[in-house]
Amino acid sequence: MRERLCTLAEALAERESEHTAALEQAFAVSHRLHGRVLEAVDAFHSVLAARGLAHLRIRVGEPRMDDKHIRAVQFEISRGRTIALVSVKSRGEVTLVGPFKDGKTEGPCETMPWAHASSLELTLADFLERFVEQAVTP
């Protein structure tokens, strides 16, 4: 069993080695988007705290390997059971998933090239706003 898995690991390493640079770039894009989301969420939290509404805080997870795609990076935005995902794929796309309730079907999804930074920023802002509105609606 050990030998078979080692042989499989060698074959996978050979296949995936050509995607290493693109995956590293996906991590870089994910970290950049993550930073922009954190800036916005920190400002959101400051306004809420000043108004005595700190209980409406949302959480932004760290970028990590995507749960579904082996050549992608994701980070999660959540409050309670409401979740949104930002998935950065090594093929040059960003997919915004949700918002959706944990345990329910993921979606809706919107995919765009990461190279279109200005439109991506606007789309991400709209996405974050939809998430917050859904996450804090009783």
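Residues numbered from 1 in each chain as written. Predicted model: local features only at pLDDT ≥ 70, side-chain atom pairs only at ≥ 80, totals over all residues. Heavy atoms only, no water.

1. Here's the deal with the nonpolar core
And step 1. Among the nonpolar cores identified, the biggest contains 25 residues, and Leu33, Val37, Ile77, Val86, Val88 and Val94 are the most heavily contacted of them.
And step 2. Secondary structure elements with two or more residues in this core: α2 (20–50), β3 (72–79), β4 (82–89), β5 (93–101) and α3 (117–135).
And step 3. Per-element tally for this core: the top contributor is α3, with 7 residues. (Core = buried A, V, L, I, M, F, W, Y, C linked by side-chain atoms within 4.5 Å. Buried < 20%, exposed > 50% of the residue type's maximum accessible area, 1.4 Å probe, protein only. Helix = DSSP H or I, 4+ residues; strand = E, 2+ residues; numbered from the N terminus.)

2. Brief notes about a nonpolar patch on the surface
And step 1. A surface patch of nonpolar side chains, amounting to about 450 Å² of accessible area, comprises Met1, Leu5, Leu8 and Leu12.
And step 2. When you line up the elements, Leu8 lands in helix α1 (residues 2–16).
And step 3. Classification of Leu8 as partly exposed rests on a relative accessible area of 45%. (Patch = residues over 30% accessible without salt bridge, like charges linked within 9 Å, V, L, I, M, F, W, Y side chains within 5 Å. Areas by Shrake-Rupley, 256 points an atom, 1.4 Å probe, with all protein chains shown as cover. Salt bridge = Lys/Arg side-chain N within 4 Å of Asp/Glu carboxyl O.)

3. Regarding the environment of Arg79
And step 1. If you trace the backbone, Arg79 turns up in strand β3.
And step 2. With a relative accessible area of 25%, Arg79 lands in the partly exposed category.
And step 3. Taking the C-alpha atoms as reference, Arg79 lies 9.1 Å from Phe131; in sequence the two are 52 residues apart.
And step 4. When residues no more than four places from it in sequence are discounted, the contact partners of Arg79 are His55, Leu56, Arg57, Ile58, Phe131, Ala135 and Val136. (Contact = heavy atoms within 4.5 Å.)

4. Some words on the pattern of salt bridges
If charged atoms from side chains of opposite charge come close, those side chains can pair.
And step 1. In this structure the tally under the stated criterion is 8 salt bridges.
And step 2. One salt bridge connects Glu106 with Lys68, and the closest N-O pair in it is separated by 3.2 Å. Of this pair, Glu106 sits in the loop between β5 and β6 (109–113) while Lys68 is found in the loop between β2 (64–65) and β3, placing the two residues 38 residues apart along the sequence.
And step 3. When its relative accessible area of 35% is taken as the criterion, Glu106 is described as partly exposed.
And step 4. When the shortest N-O distance is used, the salt bridge between Glu93 and Arg91 registers 2.9 Å.
And step 5. Taking relative accessible area as the criterion, Glu93 reaches 25% and is therefore assigned partly exposed.
And step 6. Each of Arg15, Glu16 and Arg71 takes part in salt bridges that share partners, so that together they form one network.

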